[in-house]
Amino acid sequence: MKTAELQTPALIVSSAILDRNLKTMAEALPGGRCRPHVKAHKTTELAKRQVEVGHVTFCCATVKEMEGMAAAGLGEDLLLANEVLDTTRLGKLDARVTVAVDSDETVQAASSGGVREVLIDVNVGLPRCGVSPEDAPRLADLARSLGLSVRGVMGYEGHAIGLDDEEARRSLTEEAMDILTKVHGEVGGDLISAGGTGTFRINTWATEIQAGSYALMDVAYAKLGLPFELAVSVLATVISVSPGYAVADAGLKSLGMDHGNPEIDEGHQVMFVSDEHLSFMPSAPVKVGDRLRVLPAHVDPTVAYHSHMHVVDGEDVLESWGVDLRGW
Ligand SMILES: Cc1ncc(COP(=O)(O)O)c(C=O)c1O
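Calculation criteria
Residues numbered from 1 in each chain as written. Predicted model: local features only at pLDDT ≥ 70, side-chain atom pairs only at ≥ 80, totals over all residues. Heavy atoms only, no water. Helix = DSSP H or I, 4+ residues; strand = E, 2+ residues; numbered from the N terminus. Polar contact = N/O pair within 3.5 Å; in protein donor to acceptor, adjacent residues only side chain to side chain. Contact = heavy atoms within 4.5 Å. Near = heavy atom within 4 Å. Areas by Shrake-Rupley, 256 points an atom, 1.4 Å probe, with all protein chains shown as cover. Nonpolar A, V, L, I, M, F, W, Y, C, P; charged D, E, K, R; others polar. Phe/Tyr/Trp six-rings, centres within 6.5 Å; stacked < 30°, edge-to-face > 60°. Buried < 20%, exposed > 50% of the residue type's maximum accessible area, 1.4 Å probe, protein only. Salt bridge = Lys/Arg side-chain N within 4 Å of Asp/Glu carboxyl O. Domains from an automatic or database assignment. Buried area = accessible area lost by both parts, 1.4 Å probe.

Concerning the side chain of Thr 197
No. 1: You can see Thr 197 is positioned in the loop between strand S7 (191–194) and strand S8 (208–209).
No. 2: Within the structure, the side chain of Thr 197 is placed 3.2 Å from the backbone nitrogen of Ser 213, a separation counted as a polar contact.
No. 3: Residues in contact with Thr 197, not counting those within four places in the same chain, are Ala 211, Gly 212, Ser 213, Tyr 214, Met 217, Tyr 221, Leu 226 and Phe 228.

A few points about the site of the ligand
No. 1: Taken together, 14 residues are adjacent to the ligand, and Thr 197, Gln 210, Gly 212, Ser 213 and Tyr 221 come closest.
No. 2: Between Gln 210 and the ligand, the recorded distance is 2.7 Å, taken from a side-chain N or O atom to a nitrogen atom.
No. 3: Protein coverage of the free-state accessible area of the ligand, which is 390 Å², stands at 92%.
No. 4: Here the residues of the shell around the ligand are counted per class, giving five nonpolar, seven polar and two charged.

What to know about the packing of aromatic side chains
No. 1: The final tally for this structure, using the stated rule, is two aromatic pairs.
No. 2: On the numbers, 5.1 Å between centres and 55° between planes, the contact of Phe 200 with Phe 228 is tilted. Here Phe 200, found in the loop between S7 and S8, pairs with Phe 228, found in the loop between helix H8 (219–222) and strand S9 (232–242); they are 28 residues apart in sequence, far enough to count as distant. The same class applies to Phe 200 and to Phe 228, which are both buried.
No. 3: Three or more aromatic residues link up through ring pairs in this structure, and these residues are Phe 200, Tyr 214 and Phe 228.

So, the pattern of salt bridges
No. 1: Summed over all chains, the structure comprises 23 salt bridges.
No. 2: Linking Arg 89 and Glu 67 is a salt bridge whose minimum nitrogen-to-oxygen distance equals 2.8 Å. With Arg 89 in the loop between strand S3 (77–80) and strand S4 (97–101) and Glu 67 in helix H3 (residues 63–71), this pair connects stretches of sequence that are 22 residues apart.
No. 3: You can call Glu 67 partly exposed: its relative accessible area is 24%.
No. 4: Among the salt bridges present, the one from Lys 253 reaches Glu 276, with a minimum N-O distance of 2.6 Å. In this pair, Lys 253 is assigned in the loop between strand S10 (245–248) and strand S11 (263–264) and Glu 276 in the loop between strand S12 (269–273) and strand S13 (278–281), connecting sequence segments 23 residues apart.
No. 5: Judged by its relative accessible area of 39%, Glu 276 falls in the partly exposed class.
No. 6: It is possible to trace a salt-bridge network through shared partners that takes in Arg 35, Asp 77, Arg 96, Glu 117, Arg 151 and Glu 208.

Some thoughts on the domain arrangement of the chain
No. 1: We note that the domain assignment places domain 1 (3–11 + 228–322) and domain 2 (15–215) within the chain.
No. 2: Summarising the inter-unit geometry, the C-alpha centres of domain 1 and domain 2 are found 31 Å apart.
No. 3: Residue-level contacts link 15 residues of domain 1 with 20 residues of domain 2.
No. 4: Across the interface of domain 1 and domain 2, roughly 1400 Å² is buried in total on both sides, 62% from carbon and sulfur atoms.
No. 5: Counting the contacts that link domain 1 with domain 2 gives three salt bridges.
No. 6: Asp 300 is paired through a salt bridge with Lys 39; the nearest N and O atoms lie 3.5 Å apart.
No. 7: Our enumeration of links across domain 1 and domain 2 arrives at four residue pairs in polar contact (both at pLDDT 80 or more).
No. 8: The class makeup of the residues in the side of domain 1 that touches domain 2 is eleven nonpolar, one polar and three charged.

As C-alpha coordinates, then:
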(Lines give C-alpha, C1' and ligand atoms only; values in the text may rest on other atoms or scores of the structure.)
Protein backbone atom coordinates (compact mmCIF):
# COMPACT_ATOMS: atom_id res chain seq x y z
CA MET A 1 0.00 0.00 0.00
CA LYS A 2 1.12 3.57 -0.71
CA THR A 3 0.55 6.60 1.55
CA ALA A 4 -1.45 8.13 -1.33
CA GLU A 5 -4.11 5.45 -0.68
CA LEU A 6 -4.55 6.37 3.00
CA GLN A 7 -7.60 8.31 4.10
CA THR A 8 -6.57 11.61 5.64
CA PRO A 9 -5.93 12.83 8.23
CA ALA A 10 -3.68 9.83 8.94
CA LEU A 11 -0.99 9.34 11.57
CA ILE A 12 2.29 8.46 9.85
CA VAL A 13 5.46 7.14 11.49
CA SER A 14 8.79 6.81 9.74
CA SER A 15 10.04 3.29 10.44
CA ALA A 16 13.71 4.21 10.03
CA ILE A 17 13.53 7.27 12.29
CA LEU A 18 11.59 5.37 14.95
CA ASP A 19 14.24 2.65 14.95
CA ARG A 20 17.02 5.24 15.22
CA ASN A 21 15.33 6.98 18.16
CA LEU A 22 14.81 3.69 20.01
CA LYS A 23 18.41 2.66 19.39
CA THR A 24 19.77 6.04 20.53
CA MET A 25 17.89 5.78 23.82
CA ALA A 26 18.91 2.14 24.33
CA GLU A 27 22.56 3.09 23.88
CA ALA A 28 22.30 6.06 26.27
CA LEU A 29 20.16 4.31 28.90
CA PRO A 30 20.33 0.55 28.40
CA GLY A 31 18.00 -1.99 30.00
CA GLY A 32 16.43 -0.94 33.27
CA ARG A 33 18.01 2.56 33.16
CA CYS A 34 15.07 3.58 30.98
CA ARG A 35 11.47 2.69 31.77
CA PRO A 36 9.74 3.88 28.57
CA HIS A 37 6.43 5.66 29.12
CA VAL A 38 3.75 4.32 26.78
CA LYS A 39 1.49 7.36 27.26
CA ALA A 40 3.12 9.09 24.28
CA HIS A 41 2.55 6.30 21.73
CA LYS A 42 -0.26 4.17 23.24
CA THR A 43 0.64 1.29 20.94
CA THR A 44 1.68 -2.21 22.01
CA GLU A 45 3.31 -2.93 18.63
CA LEU A 46 5.62 0.03 19.22
CA ALA A 47 6.29 -1.14 22.79
CA LYS A 48 7.39 -4.49 21.30
CA ARG A 49 10.04 -2.62 19.30
CA GLN A 50 11.21 -1.04 22.57
CA VAL A 51 11.54 -4.54 24.02
CA GLU A 52 13.67 -5.55 21.01
CA VAL A 53 16.25 -2.90 21.97
CA GLY A 54 16.32 -4.09 25.59
CA HIS A 55 13.69 -1.98 27.38
CA VAL A 56 11.34 -4.41 29.11
CA THR A 57 10.02 -2.31 32.02
CA PHE A 58 7.32 0.25 31.21
CA CYS A 59 5.41 3.22 32.64
CA CYS A 60 1.71 3.72 31.99
CA ALA A 61 -0.56 6.68 32.76
CA THR A 62 -3.96 4.94 32.71
CA VAL A 63 -5.53 1.66 33.84
CA LYS A 64 -6.36 0.94 30.18
CA GLU A 65 -2.68 1.21 29.25
CA MET A 66 -1.79 -1.20 32.07
CA GLU A 67 -4.45 -3.68 30.91
CA GLY A 68 -3.40 -3.48 27.27
CA MET A 69 0.28 -3.94 28.03
CA ALA A 70 -0.43 -6.97 30.24
CA ALA A 71 -2.73 -8.50 27.61
CA ALA A 72 -0.01 -8.06 24.97
CA GLY A 73 2.44 -10.04 27.11
CA LEU A 74 4.42 -6.92 28.03
CA GLY A 75 3.74 -7.12 31.77
CA GLU A 76 7.17 -8.06 33.11
CA ASP A 77 7.31 -4.87 35.21
CA LEU A 78 4.58 -2.23 34.71
CA LEU A 79 4.47 1.01 36.71
CA LEU A 80 1.27 3.02 36.76
CA ALA A 81 3.08 6.33 37.20
CA ASN A 82 -0.12 8.06 38.18
CA GLU A 83 -2.60 8.12 41.03
CA VAL A 84 -5.68 5.91 40.78
CA LEU A 85 -8.57 5.22 43.14
CA ASP A 86 -10.39 2.50 41.21
CA THR A 87 -7.81 -0.28 41.45
CA THR A 88 -10.15 -3.25 40.95
CA ARG A 89 -8.96 -3.89 37.38
CA LEU A 90 -5.29 -3.59 38.36
CA GLY A 91 -5.39 -6.34 40.98
CA LYS A 92 -6.58 -8.82 38.35
CA LEU A 93 -3.78 -8.28 35.83
CA ASP A 94 -1.43 -11.07 34.87
CA ALA A 95 1.62 -8.80 35.26
CA ARG A 96 3.97 -7.29 37.81
CA VAL A 97 2.01 -4.18 38.80
CA THR A 98 3.40 -1.21 40.74
CA VAL A 99 1.30 1.88 41.40
CA ALA A 100 2.26 5.45 42.37
CA VAL A 101 0.61 6.63 45.58
CA ASP A 102 0.57 10.09 47.17
CA SER A 103 -2.22 9.97 49.79
CA ASP A 104 -3.81 7.71 52.39
CA GLU A 105 -6.69 7.19 49.95
CA THR A 106 -4.49 5.97 47.08
CA VAL A 107 -2.51 3.69 49.44
CA GLN A 108 -5.76 2.20 50.75
CA ALA A 109 -7.11 1.81 47.21
CA ALA A 110 -3.95 -0.04 46.15
CA SER A 111 -4.23 -2.37 49.10
CA SER A 112 -7.95 -3.09 48.76
CA GLY A 113 -7.68 -3.54 44.96
CA GLY A 114 -5.14 -6.34 45.28
CA VAL A 115 -2.09 -4.35 44.14
CA ARG A 116 1.04 -5.56 45.92
CA GLU A 117 3.74 -2.98 45.13
CA VAL A 118 3.81 0.82 45.24
CA LEU A 119 6.13 3.77 44.67
CA ILE A 120 5.79 6.83 46.88
CA ASP A 121 5.12 9.68 44.45
CA VAL A 122 6.80 12.83 45.78
CA ASN A 123 6.07 16.42 44.76
CA VAL A 124 9.43 17.73 43.49
CA GLY A 125 8.16 21.11 42.27
CA LEU A 126 5.52 20.49 39.60
CA PRO A 127 2.09 21.47 40.92
CA ARG A 128 0.53 18.13 40.05
CA CYS A 129 0.48 14.81 41.93
CA GLY A 130 2.97 13.90 44.65
CA VAL A 131 2.99 13.84 48.45
CA SER A 132 4.93 16.59 50.22
CA PRO A 133 8.51 15.44 50.95
CA GLU A 134 7.93 15.73 54.72
CA ASP A 135 4.92 13.41 54.62
CA ALA A 136 6.49 10.74 52.39
CA PRO A 137 8.03 8.55 55.16
CA ARG A 138 4.68 8.42 57.01
CA LEU A 139 2.92 7.36 53.79
CA ALA A 140 5.53 4.65 53.18
CA ASP A 141 4.95 3.35 56.74
CA LEU A 142 1.20 3.29 56.13
CA ALA A 143 1.70 1.33 52.91
CA ARG A 144 3.96 -1.20 54.64
CA SER A 145 1.50 -1.54 57.53
CA LEU A 146 -1.14 -2.59 54.98
CA GLY A 147 1.16 -5.26 53.56
CA LEU A 148 2.27 -3.34 50.47
CA SER A 149 5.86 -3.52 49.31
CA VAL A 150 7.39 -0.05 48.80
CA ARG A 151 9.76 -0.26 45.83
CA GLY A 152 11.08 3.28 46.28
CA VAL A 153 10.13 6.78 45.17
CA MET A 154 8.98 8.60 42.07
CA GLY A 155 9.20 12.35 41.41
CA TYR A 156 8.36 13.82 38.02
CA GLU A 157 10.22 17.07 37.25
CA GLY A 158 7.68 18.09 34.60
CA HIS A 159 8.25 21.80 35.35
CA ALA A 160 11.86 21.44 34.09
CA ILE A 161 11.53 18.95 31.27
CA GLY A 162 10.42 21.20 28.40
CA LEU A 163 12.53 24.29 29.16
CA ASP A 164 14.44 25.54 26.08
CA ASP A 165 17.34 26.81 28.17
CA GLU A 166 19.44 23.72 28.92
CA GLU A 167 21.12 25.31 31.94
CA ALA A 168 17.74 26.19 33.51
CA ARG A 169 16.55 22.65 32.76
CA ARG A 170 19.64 21.22 34.42
CA SER A 171 19.51 23.36 37.59
CA LEU A 172 15.77 22.86 38.12
CA THR A 173 16.24 19.10 37.63
CA GLU A 174 19.06 19.12 40.16
CA GLU A 175 16.88 20.93 42.72
CA ALA A 176 14.03 18.47 42.11
CA MET A 177 16.29 15.42 42.40
CA ASP A 178 17.88 16.82 45.54
CA ILE A 179 14.42 16.61 47.12
CA LEU A 180 13.75 13.15 45.70
CA THR A 181 17.05 11.55 46.70
CA LYS A 182 16.70 12.87 50.27
CA VAL A 183 13.21 11.37 50.51
CA HIS A 184 14.52 8.14 49.02
CA GLY A 185 17.06 7.96 51.87
CA GLU A 186 14.16 8.02 54.34
CA VAL A 187 11.72 5.80 52.42
CA GLY A 188 14.10 3.14 51.08
CA GLY A 189 13.54 0.70 48.22
CA ASP A 190 15.52 0.09 45.02
CA LEU A 191 13.88 2.58 42.69
CA ILE A 192 14.23 6.32 42.14
CA SER A 193 11.94 6.79 39.14
CA ALA A 194 11.86 10.21 37.45
CA GLY A 195 12.66 12.16 34.31
CA GLY A 196 11.53 12.20 30.72
CA THR A 197 12.76 12.89 27.21
CA GLY A 198 13.88 16.47 28.02
CA THR A 199 15.99 15.40 31.02
CA PHE A 200 17.10 11.90 30.00
CA ARG A 201 20.77 12.97 29.86
CA ILE A 202 20.67 15.56 32.63
CA ASN A 203 18.94 13.48 35.28
CA THR A 204 21.78 11.36 36.64
CA TRP A 205 20.15 10.91 40.07
CA ALA A 206 17.20 8.73 39.08
CA THR A 207 17.84 4.99 38.83
CA GLU A 208 15.41 4.88 35.90
CA ILE A 209 14.15 7.50 33.44
CA GLN A 210 10.47 7.57 32.46
CA ALA A 211 10.92 8.84 28.89
CA GLY A 212 8.02 8.66 26.44
CA SER A 213 8.16 11.25 23.66
CA TYR A 214 11.65 10.30 22.45
CA ALA A 215 10.29 7.46 20.27
CA LEU A 216 8.10 9.64 18.03
CA MET A 217 9.07 13.20 19.09
CA ASP A 218 7.20 16.43 18.26
CA VAL A 219 7.85 20.00 17.16
CA ALA A 220 8.16 21.32 20.73
CA TYR A 221 10.74 18.71 21.75
CA ALA A 222 12.59 19.00 18.41
CA LYS A 223 13.64 22.54 19.47
CA LEU A 224 15.58 21.30 22.53
CA GLY A 225 18.60 19.96 20.64
CA LEU A 226 18.07 16.36 21.78
CA PRO A 227 19.53 13.45 19.77
CA PHE A 228 16.07 12.26 18.65
CA GLU A 229 14.40 13.06 15.32
CA LEU A 230 10.79 13.72 14.41
CA ALA A 231 9.33 10.35 13.42
CA VAL A 232 5.66 11.28 13.45
CA SER A 233 3.49 13.42 11.19
CA VAL A 234 -0.15 13.74 10.25
CA LEU A 235 -0.76 13.20 6.56
CA ALA A 236 -3.29 15.74 5.28
CA THR A 237 -4.94 16.59 1.95
CA VAL A 238 -5.38 20.09 0.52
CA ILE A 239 -9.17 20.47 0.24
CA SER A 240 -9.50 24.13 -0.77
CA VAL A 241 -7.29 26.80 -2.37
CA SER A 242 -8.01 30.55 -2.29
CA PRO A 243 -5.91 33.58 -3.27
CA GLY A 244 -3.12 33.83 -0.68
CA TYR A 245 -4.01 30.78 1.38
CA ALA A 246 -5.07 27.14 1.25
CA VAL A 247 -6.79 24.67 3.56
CA ALA A 248 -5.85 21.11 4.52
CA ASP A 249 -8.04 18.54 6.25
CA ALA A 250 -6.01 18.09 9.47
CA GLY A 251 -7.74 20.16 12.15
CA LEU A 252 -7.46 20.22 15.88
CA LYS A 253 -9.45 16.96 16.12
CA SER A 254 -6.39 15.23 14.69
CA LEU A 255 -3.62 17.33 16.30
CA GLY A 256 -2.72 18.00 19.94
CA MET A 257 -2.64 21.82 20.13
CA ASP A 258 -1.73 22.51 23.76
CA HIS A 259 1.92 23.14 22.81
CA GLY A 260 0.96 25.52 20.00
CA ASN A 261 0.46 25.28 16.27
CA PRO A 262 1.82 22.41 14.21
CA GLU A 263 4.30 23.01 11.41
CA ILE A 264 4.10 21.83 7.81
CA ASP A 265 6.99 19.82 6.42
CA GLU A 266 7.10 21.65 3.09
CA GLY A 267 7.68 25.03 4.79
CA HIS A 268 4.15 26.35 4.31
CA GLN A 269 3.16 28.88 7.00
CA VAL A 270 0.38 27.76 9.35
CA MET A 271 -2.24 30.53 9.82
CA PHE A 272 -4.63 28.83 12.21
CA VAL A 273 -6.16 25.46 13.00
CA SER A 274 -9.87 24.87 13.56
CA ASP A 275 -11.92 21.71 14.18
CA GLU A 276 -11.43 19.97 10.82
CA HIS A 277 -9.33 22.56 8.96
CA LEU A 278 -5.77 23.79 8.82
CA SER A 279 -5.45 27.16 7.02
CA PHE A 280 -1.98 27.98 5.73
CA MET A 281 -0.06 30.35 3.46
CA PRO A 282 1.68 28.20 0.84
CA SER A 283 5.42 28.70 0.37
CA ALA A 284 4.96 27.38 -3.19
CA PRO A 285 1.79 26.84 -5.25
CA VAL A 286 -0.48 24.01 -4.04
CA LYS A 287 -3.58 22.51 -5.63
CA VAL A 288 -6.63 20.70 -4.32
CA GLY A 289 -5.73 17.06 -3.71
CA ASP A 290 -2.07 17.67 -2.83
CA ARG A 291 -0.81 15.78 0.22
CA LEU A 292 1.08 17.46 3.10
CA ARG A 293 2.91 16.20 6.18
CA VAL A 294 1.79 18.17 9.23
CA LEU A 295 4.20 18.03 12.17
CA PRO A 296 2.40 17.99 15.54
CA ALA A 297 3.51 20.32 18.35
CA HIS A 298 2.63 17.77 21.06
CA VAL A 299 2.83 14.06 20.34
CA ASP A 300 0.80 12.56 23.24
CA PRO A 301 -2.61 14.12 22.56
CA THR A 302 -2.03 13.87 18.78
CA VAL A 303 -1.60 10.10 18.93
CA ALA A 304 -4.64 9.76 21.21
CA TYR A 305 -6.85 11.19 18.44
CA HIS A 306 -5.95 8.40 15.98
CA SER A 307 -7.07 4.76 15.87
CA HIS A 308 -4.06 3.66 13.80
CA MET A 309 -0.47 4.66 13.14
CA HIS A 310 0.88 3.80 9.71
CA VAL A 311 4.53 2.83 9.68
CA VAL A 312 6.14 4.00 6.45
CA ASP A 313 9.32 3.89 4.43
CA GLY A 314 9.00 6.94 2.16
CA GLU A 315 5.69 6.49 0.33
CA ASP A 316 5.38 2.75 1.18
CA VAL A 317 3.12 1.78 4.08
CA LEU A 318 4.95 -1.12 5.73
CA GLU A 319 2.50 -1.80 8.56
CA SER A 320 -0.58 -0.25 10.18
CA TRP A 321 -0.59 -0.58 13.96
CA GLY A 322 -3.71 -0.17 16.08
CA VAL A 323 -3.26 2.56 18.71
CA ASP A 324 -4.67 -0.01 21.08
CA LEU A 325 -3.98 1.61 24.46
CA ARG A 326 -6.42 4.49 23.88
CA GLY A 327 -9.40 4.94 26.20
CA TRP A 328 -9.66 4.58 29.95
C1 LIG B 1 4.74 10.87 35.15
C2 LIG B 1 5.44 11.17 33.87
N3 LIG B 1 6.68 10.68 33.71
C4 LIG B 1 7.37 10.94 32.61
C5 LIG B 1 6.84 11.71 31.59
C6 LIG B 1 7.80 12.03 30.48
O7 LIG B 1 7.37 12.03 29.25
P8 LIG B 1 8.19 12.64 28.03
O9 LIG B 1 9.33 11.76 27.79
O10 LIG B 1 7.18 12.60 26.98
O11 LIG B 1 8.62 14.01 28.41
C12 LIG B 1 5.56 12.24 31.71
C13 LIG B 1 4.99 13.07 30.65
O14 LIG B 1 3.97 13.69 30.71
C15 LIG B 1 4.83 11.97 32.89
O16 LIG B 1 3.61 12.45 33.09
